[in-house]
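Structural overview for review
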Amino acid sequence: MKDTIRGLIAPHAPTMLEDEMDRKASAVNIKLQEIGKELLDWGIEAVVAVSTHWQTESFLVDDADFHRTVTDYYGFRREIEYDVAGKPELARQLLAAGEKNLVYPAAAQHGVDHAITIPLHFMFPEKNIPVIPVSVAGSALSAFRWGRILGHTLRQWGGKTLLLVSGSLSHDLMAFMTGRRRDEYKAFDRQVMKLLAAGNGMDLLNMDSRLVAAAKPEGAFRDLYMLLGAMGSQSRGRVAAYENLPGVGLGVIEFAEAAYAETEEEWLAASPASSGIH
């Protein structure tokens, strides 16, 4: 049976909006538009959007029936409004599943920040797909556990869902502001994409800590672990587009098929059930 969940890693740099304004060809923008059309043809019914701009002490889910735009970027030439419907009944199912499985997420009002609005602006410009914003929290393995619960609950629900993980790969904003390009950031991006493409995403846990500290990935990979929990640690990501700015890696990576490993049970047994930071 075909999976009812698809996963997507997408960037949200405000420069993407400036590229659109300037009618500049952008592989990332074009690919997000193409993916949006493909998902509409697939029959997508909801987006569960994990925002690296909503980082919290414990996992939160916005169960509102309507989300207002949160403009949390400044100094760029274009801003957008992306007020969009929520999916409160499904959001409450996710909250109940987390409670049952000892992760203890909570409901909270957040709205849709630019980690959500910018990729969705390109994918679904009509704002016609309901969105459930979810925060980033916890340790790597508790994020993986929560992702596993999200995936199981969404499959039980049965509707066609996109799990959107929105964040840059490398994300050194000081390098971005100074315009400084460094080869190690591109090397970091390539290593992350290579691991995800090979179905070895959990090996991110073993990356050189000095390289990770320098590249400053948004969400400290916890958003990616949530996606891997939902899609399976051996799910292979298809790198659909990549661009790099000074200090910032913009990757579009698609996950269409779940692939779990027996070792996941060991990780889950070793990880704390609570969503707090450990």
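The structure this text deals with has already been given above.
All of the points below concern the structure found in this document. (Residues numbered from 1 in each chain as written. Predicted model: local features only at pLDDT ≥ 70, side-chain atom pairs only at ≥ 80, totals over all residues. Heavy atoms only, no water.)

With that settled, the discussion passes to the pairing of strand β2 (residues 46–55). Taken across its 10 residues, β2 has 8 buried, putting it largely inside the fold. Examined bridge by bridge, β2 and strand β8 (residues 161–166) share 6 bridges and lie parallel to one another. From the neighbouring strand, Val50 faces β8, where its bridge partner is Val165. The pairing of β2 with strand β7 (residues 131–136) spans 5 bridges and is parallel. Directly across from Ala49, in β7, lies its bridge partner Pro133. (Buried < 20%, exposed > 50% of the residue type's maximum accessible area, 1.4 Å probe, protein only. Helix = DSSP H or I, 4+ residues; strand = E, 2+ residues; numbered from the N terminus. Pairing = 2+ DSSP bridges.)

If you roll a probe as big as a water molecule over the atoms, it shows you where there is empty space left. What the rule picks out here adds up to 1 cavity of 30 Å³ or more. Around the largest cavity, the lining residues are Ile9, Gly167, Ser168, Leu169, Val192, Pro217, Glu218, Phe221, Asp223 and Leu224. For the lining of the largest cavity, a count of residues per class yields 6 nonpolar, 2 polar and 2 charged. (1 Å grid on protein atoms, 1.4 Å probe; cavity = no way out; pocket = protein on both sides within 12 Å on 5 of 7 lines; lining within 4 Å. Points joined across faces, edges and corners; volume = space filled by probe spheres on them. Nonpolar A, V, L, I, M, F, W, Y, C, P; charged D, E, K, R; others polar.)

It is worth spelling out helix α4 (residues 114–123) at this point. Within α4, 10 of the 10 residues are buried, which leaves it mostly tucked inside the rest of the structure. Within the sequence span of α4, burial applies to His114, Ala115, Ile116, Thr117, Ile118, Pro119, Leu120, His121, Phe122 and Met123. Residues of α4 that are buried sit in contact with β1 (5–10), α1 (15–21), α2 (27–42), β2, β7 and β8. The N-capping residue of α4, defined by a side-chain oxygen 3.0 Å from the backbone nitrogen of Ala115, is Asp113. (Contact = heavy atoms within 4.5 Å. Polar contact = N/O pair within 3.5 Å; in protein donor to acceptor, adjacent residues only side chain to side chain.)

This model, assessed by the stated rule, comprises 3 aromatic pairs. An angle of 65 degrees between the planes, with centres 6.3 Å apart, marks the rings of Phe221 and Tyr225 as edge-to-face. Judged by relative accessible area, Tyr225 falls into the buried class, the value being 3%. An aromatic cluster is present here, built from Phe188, Phe221 and Tyr225 joined pairwise through their rings. (Phe/Tyr/Trp six-rings, centres within 6.5 Å; stacked < 30°, edge-to-face > 60°.)

Approximately 220 Å³ is the volume attributed to the second largest pocket. When residues of the lining of the second largest pocket are traced back to their parent elements, those giving at least two are α3 (88–100) and α5 (140–157). In terms of residues, the lining of the second largest pocket owes the most to one element, α5, which gives 7 residues. Its residues placed into classes, the lining of the second largest pocket shows 4 nonpolar, 5 polar and 3 charged.

The analysis is restricted to geometry; functional conclusions fall outside its scope.
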